[in-house]
Amino acid sequence: MRLVGCLLLLSGFFLVLAALVMLPGAQARVAFIVAGMGVEVLGVTLLTRAYTAAQKDQK
Amino acid sequence: MNQMLCLLCIVLIPLAAAGLALIHQGLGRSRSAAHAMLATVCALGISAIAFVLFGFAWAGFAGGPAHSFMAGGVHWDWLGAGSFFPNGVGVDPADPAGYTRALTLCLEMFAAGLAAIIPLSAGTDRWRLAPICLASAVLSAILFPIFAHWVWGAGWLAQLGVSFGLSRFVDAGGAGVVQVVGGLMAVSVAWVLGPRRGKFADDGMPAAIPGHNIVMVLFGCLLALVGWIGLDSAASILFYGVAPQQIVWVVINAMLSASAGCLAAVTVTRARYRKPDASLSANGWVAGLVAGSASCAFVTPAAAIDIGIVAGVLVTYMIEIAELRLQVDDPGGAVSVHAGAGIWGLIAVGLFGHFSDGTTGSHLVAQLVGVAALLGFMLPVIYGVNILIDHYMPYRVDSDGDWQGMDIRELGAGAYPEFVVHADEFVPR
């Protein structure tokens with residue numbers, strides 16, 4: 001779960017970079033940047049879940 | 001550029017480190033107080049050496065050599081390519097550019113140290129000294145310089161305007177470069193270490209482990225203000241060409257955002273718990289400083305107050321969520337104060353900033369790209385590095401050390417030897 005979370009974070013970052021390079025229109029660019037940040041939020045959520053699950057397992 | 005004013009501001013920055021050190025050790029337990037202060041001094045020392053010897057070559061400076069590549073028809077400047085052991089930064093009185101480079105080195109040396117001591121707060125009472133030193137060295141030599149180059153060294157984030165027709169990413173006082181990078185290191189350290197023994201019950205409910213010296217914490221807030229003013233002012237002059245006459249507004253904005261953050265936290269805790277909470281109010285003060293630093297030279301005083309208020313309110317809730325919901329044991333609130341308020345501060349530049357080009361919408365997009373780079377690239381890299389270091393040099397003290405405290409376990413003597421050692425307040429009676 002930790003690895004998937006980190007990969008999601010990187011995916012979101014590359015989505016933002018792709019939006020900058022490939023989309024010239026302002027609206028489409030902003031939409032993809034926000035989408036990329038959404039993917040990053042999913043990655044952070046997964047990392048926190050991995051951590052809390054590991055804490056429960058230790059108890 | 002007024003180089004003497006810049007140098008004067010830079011020499012104030014260690015006071016921010018002193019302030020954070022007092023806050024961290026005051027919010028920890030008395031049995032680990034000496035360890036916390038020694039760890040701060042060691043982290044500052046090691047990060048200064050690592051940054052000057054290696055980090056500055058990668059952090060680079062505007063107009064300096066850099067590693068870059070072409071992709072999508074765009075020139076991506078991603079890492080400095082200077083020489084190690086800062087050759088070429090000579091202080092020749094006849095070469096003003098060389099002196100500016102030396103000022104950049106000096107400022108970033110202190111900034112790297114500041115970033116290195118932020119995670120100490122999240123690892124209080126259980127993070128061993130040796131891995132602290134190694135993690136500080138890696139942060140200052142490799143991790144901090146990457147983002148510092150992107151923003152302060154004319155890297156790709158600073159060139160968003162040239163490359164993509166956006167505005168440049170703005171971080172005048174280091175909210176992203178110093179605070180968020182330090183905050184992401186703090187959350188990684190907290191994840192790797194796990195909570196202190198006795199912090200969470202089996203059902204996940206946290207026990208209150210109060211700080212041992214709130215007077216020191218609040219004095220640390222005042223010291224931090226002076227250091228922050230120095231950092232905000234020096235970085236604004238060096239990296240954004242702010243005129244010396246405008247620095248007075250940087251000072252006013254820093255004070256206003258800190259005050260607003262503190263008063264907002266006082267008000268929120270008074271409303272929620274019937275009495276103001278001193279430690280959360282101190283966190284609100286620092287959160288105001290952190291959030292206000294990104295835009296310190298580009299907002300009106302009224303906007304600085306707004307930024308501080310949001311930071312102060314945000315941090316009280318974030319600390320609660322981190323502890324209650326996410327089970328992150330962060331005694332000093334570093335994750336919420338530095339990462340949380342720092343990200344808010346970066347976004348606030350796009351919302352409140354006044355720039356000569358008048359392109360507010362474009363600035364907001366540029367700031368979002370910077371935040372995405374911090375979360376999407378820096379967080380996984382920093383977390384991975386911490387897992388790697390922990391694998392070879394375990395972060396956490398053994399279970400006996402957890403109870404004895406770090407002072408006795410690692411230093412052999414307590415911070416307050418003449419005090420009566422009180423009973424462990426967390427043993428069931």
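1. Focus on the overall build of chain A
- Helix and strand counts for chain A come out as 2 helices and 0 strands.
- Computed over its C-alpha atoms, the radius of gyration of chain A comes to 15 Å, more than 25% above the 10 Å expected for a compact globule of 59 residues.
- The principal-axis extents of the C-alpha atoms in chain A amount to approximately 50 × 15 × 5 Å.
- Taken over 59 residues, chain A has a buried fraction of 37%.

2. Considering the overall build of chain B
- Scanning chain B for helices and strands turns up 15 helices and 2 strands.
- The C-alpha atoms of chain B give a radius of gyration of 21 Å, which matches the 22 Å a tight globule of 429 residues would have.
- Principal-axis analysis of the C-alpha atoms gives chain B an extent of 65 × 45 × 40 Å.
- For chain B, the proportion of its 429 residues judged to be buried stands at 59%.

3. Observations regarding the environment of B:Val365
- Structurally, B:Val365 is set in helix α13 (residues 360-392).
- Sequence separation of B:Val365 and B:Ala175 is 190 residues, and the distance between their C-alpha atoms is 17 Å.
- Excluding its chain neighbours within four sequence positions, the residues that come into contact with B:Val365 are A:Val30, A:Ile33 and B:Leu166.

4. Observations regarding the packing of helix α4 (residues 96-122) of chain B against helix α7 (residues 175-193) of chain B
All names here are of chain B.
- Orientation of α4 relative to α7, taken along the N-to-C sense of each, is 30 degrees, at an axis distance of 8 Å. In this view, α4 runs roughly parallel relative to α7, as classed from their interaxial angle. Note on packing geometry: the crossing formed by α4 with α7 is right-handed. Between α4 and α7, the contacting residues are Ala111, Leu114, Ala115, Ile118, Pro119 and Ala122 on the first element and Val178, Gln179, Gly182, Gly183, Met185, Ala186, Val189 and Ala190 on the second.
- Tallied by class, the residues present in the contact of α4 with α7 amount to 11 nonpolar, 3 polar and no charged.

5. Regarding the interface of chain B and chain A
- Counting residues at the interface gives 31 residues for chain B and 21 residues for chain A.
- Counting across the interface, chain B meets chain A through 0 salt bridges.
- Counting across the interface, chain B meets chain A through 2 residue pairs in polar contact (both at pLDDT 80 or more).
- Only α6 (160-164), α7 and α13 of chain B provide two or more residues apiece to the side of chain B that touches chain A.
- For the side of chain B that touches chain A, the element with the most residues is α13(B), which contributes 13 residues.

6. Some remarks on a nonpolar patch on the surface
- Where nonpolar side chains cluster on the molecular surface, the patch consists of B:Phe54, B:Phe84 and B:Phe85 and spans about 270 Å² of accessible area.
- Secondary-structure assignment places B:Phe84 in the loop between β2 (74-80) and α4.

7. With respect to the confidence of the model for chain B
- The pLDDT averaged across chain B works out to 92; a share of 95% of its residues lies at or above 70.
- Two numbers describe this predicted complex: its pTM, 0.95, and its ipTM, 0.97.

8. Re the side chain of A:Thr52
- Inspection of the secondary structure puts A:Thr52 in helix α2 (residues 26-58).
- Under the relative-accessibility criterion, A:Thr52 is labelled buried at 16%.
- Ignoring sequence-local partners within four residues, the contact set of A:Thr52 consists of B:Arg325, B:Leu326 and B:Gln327.

9. Here's the deal with the pairing of strand β1 (residues 66-71) of chain B
All names here are of chain B.
- Pairing of β1 with β2 involves 6 bridges; the strand directions are antiparallel. From the neighbouring strand, serine 68 faces β2, where its bridge partner is aspartate 77.
- Taken together, β1 and the strand that follows it, β2, pair antiparallel across an intervening segment of 2 residues, in which glycine 72 is found at a positive phi of about 60 degrees.

10. Here's the deal with unusual backbone geometry
All names here are of chain B.
- In this structure, alanine 154 is a non-glycine residue whose phi angle is positive, near 65 degrees.
- The phi dihedral of glutamine 327 falls on the positive side, at around 55 degrees, and the residue is not glycine.
- Looking at the secondary structure, you find glutamine 327 in the loop between α11 (301-324) and α12 (334-352).

11. Comments concerning the packing of aromatic side chains
- Here the structure, examined in full by the defined rule, presents 23 aromatic pairs over all chains.
- Their ring planes at 70 degrees and their centres at 6.5 Å tell us that B:Phe84 and B:Phe85 sit as a pair that is edge-to-face.
- Classification of B:Phe84 as partly exposed rests on a relative accessible area of 33%.
- Overall, B:Phe85 belongs to the partly exposed group, its relative accessible area being 47%.
- Here B:Tyr240 and B:Phe298 contribute two aromatic rings whose centre-to-centre distance is 5.9 Å and whose plane-to-plane angle is 80 degrees, an arrangement assigned as edge-to-face. Linking B:Tyr240 in helix α8 (residues 214-240) with B:Phe298 in the loop between α10 (278-293) and α11, this pair joins segments that are 58 residues apart in sequence.
- A residue is classified by how much of its surface remains accessible, and B:Tyr240, at 14% relative accessible area, is buried.
- Linked through ring pairs, A:Phe13, A:Phe14, B:Phe69, B:Trp76, B:Phe147, B:Trp150, B:Trp156, B:Phe164, B:Phe169 and B:Phe377 together constitute an aromatic cluster.

What counts and what doesn't
Residues numbered from 1 in each chain as written. Chains lettered and ligands numbered in written order. Predicted model: local features only at pLDDT ≥ 70, side-chain atom pairs only at ≥ 80, totals over all residues. Heavy atoms only, no water. Helix = DSSP H or I, 4+ residues; strand = E, 2+ residues; numbered from the N terminus. Rg over C-alpha atoms; globule rule 2.2 N^0.38 Å. Buried < 20%, exposed > 50% of the residue type's maximum accessible area, 1.4 Å probe, protein only. Contact = heavy atoms within 4.5 Å. Axes fitted to C-alpha atoms, helices over the stretch in contact; angles between N-to-C directions. Parallel < 35°, antiparallel > 145°, perpendicular 65-115°, else oblique. Left-handed = near helix turned anticlockwise from the far one by under 90°. Nonpolar A, V, L, I, M, F, W, Y, C, P; charged D, E, K, R; others polar. Salt bridge = Lys/Arg side-chain N within 4 Å of Asp/Glu carboxyl O. Polar contact = N/O pair within 3.5 Å; in protein donor to acceptor, adjacent residues only side chain to side chain. Patch = residues over 30% accessible without salt bridge, like charges linked within 9 Å, V, L, I, M, F, W, Y side chains within 5 Å. Areas by Shrake-Rupley, 256 points an atom, 1.4 Å probe, with all protein chains shown as cover. pLDDT = per-residue confidence, 0-100. Pairing = 2+ DSSP bridges. Phe/Tyr/Trp six-rings, centres within 6.5 Å; stacked < 30°, edge-to-face > 60°.

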